[in-house]
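Commentary on secondary and tertiary structure
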Amino acid sequence: GVLILFGIAINSRISALFAYVGSLSGIIYAFAVGTSTNAVELGLWGFNAVLASMAIGGFFFKLNGPTAVLAVIAGFTASMLYAMWRIFFSVWGIPSGTFAFCTGAYIFLFMKGSVPALHAVPLAEITTPEGNLGLSGIKSYFPFLACLPSTPSPV
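Read on for a plain summary of the structure. (Residues numbered from 1 in each chain as written. Predicted model: local features only at pLDDT ≥ 70, side-chain atom pairs only at ≥ 80, totals over all residues. Heavy atoms only, no water.)

**Let's talk about the packing of aromatic side chains**
Centre distance and the angle of the planes are the two values used to describe a pair of aromatic rings. Applying the stated rule across the entire model yields 10 aromatic pairs. Residues Y29 and W45 carry aromatic rings whose centres are separated by 6.1 Å and whose planes lie at 40 degrees to one another, so their mutual orientation is tilted. Note that Y29 is positioned in helix α2 (residues 13–32) and W45 in the loop between α3 (37–41) and α4 (47–59), a separation of 16 residues in sequence. Neither residue differs from the other here; Y29 and W45 are each classed as buried. Residues F89 and F99 carry aromatic rings whose centres are separated by 5.5 Å and whose planes lie at 85 degrees to one another, so their mutual orientation is edge-to-face. Taken together, the positions of F89 in helix α5 (residues 65–90) and F99 in helix α6 (residues 99–109) put the pair 10 residues apart, joining distant regions of the chain. An aromatic cluster of at least three residues, connected via ring pairs, comprises W85, F88, F89, W92 and F99. (Phe/Tyr/Trp six-rings, centres within 6.5 Å; stacked < 30°, edge-to-face > 60°. Helix = DSSP H or I, 4+ residues; strand = E, 2+ residues; numbered from the N terminus. Buried < 20%, exposed > 50% of the residue type's maximum accessible area, 1.4 Å probe, protein only.)

Set out below in structure tokens:
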């Protein structure tokens, strides 16, 4: 898990932050519902939460305070959906995979027109959360991010 987080941080420090937060939300939810430690250690409960938190936290939406809070909620939602889809798909003996992430992310992506604080990044302009900073005025919400470049650096 640490190596994956490090790899994400190479591309995007903001995504790495939300990956960490998403992982914590998945772990907290798993222990809250009484999941075995073995399932949590395998990463089954954190995977979908990580993806959902990263998607909402600056990738598909312009990052601001309310979006950051929504990214944490998306992590918990993906964990709840994982619990549901795991039981649903177990009837046929198949794993749920990333279905919890997909359904959870769609729930929050469909909010874009109804919640004024959510500003969707146009699909043609999506790069990384750092690349989207120039579109959002994020530095006024999080002053410690002022050292980040406004556009992604070329690789």
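Let's pick the thread back up.
**Structural notes on the packing of α2 against α5**
Each pair of packed helices gets described by two things: the angle between the helix axes and the distance between those axes. Across the interface, α2 lies against α5 with an axial gap of 9 Å and an inter-helix angle of 45 degrees. In terms of axis orientation, α2 runs oblique to α5. At the point where α2 passes α5, the crossing takes the right-handed sense. For the pair α2 and α5, contact is made by F18, V21, S25, G26, I28 and Y29 and by A68, A71, V72, G75, F76, S79, M80 and A83, respectively. Among the residues forming the contact of α2 with α5, the class breakdown is 10 nonpolar, 4 polar and no charged. (Axes fitted to C-alpha atoms, helices over the stretch in contact; angles between N-to-C directions. Parallel < 35°, antiparallel > 145°, perpendicular 65-115°, else oblique. Left-handed = near helix turned anticlockwise from the far one by under 90°. Contact = heavy atoms within 4.5 Å. Nonpolar A, V, L, I, M, F, W, Y, C, P; charged D, E, K, R; others polar.)

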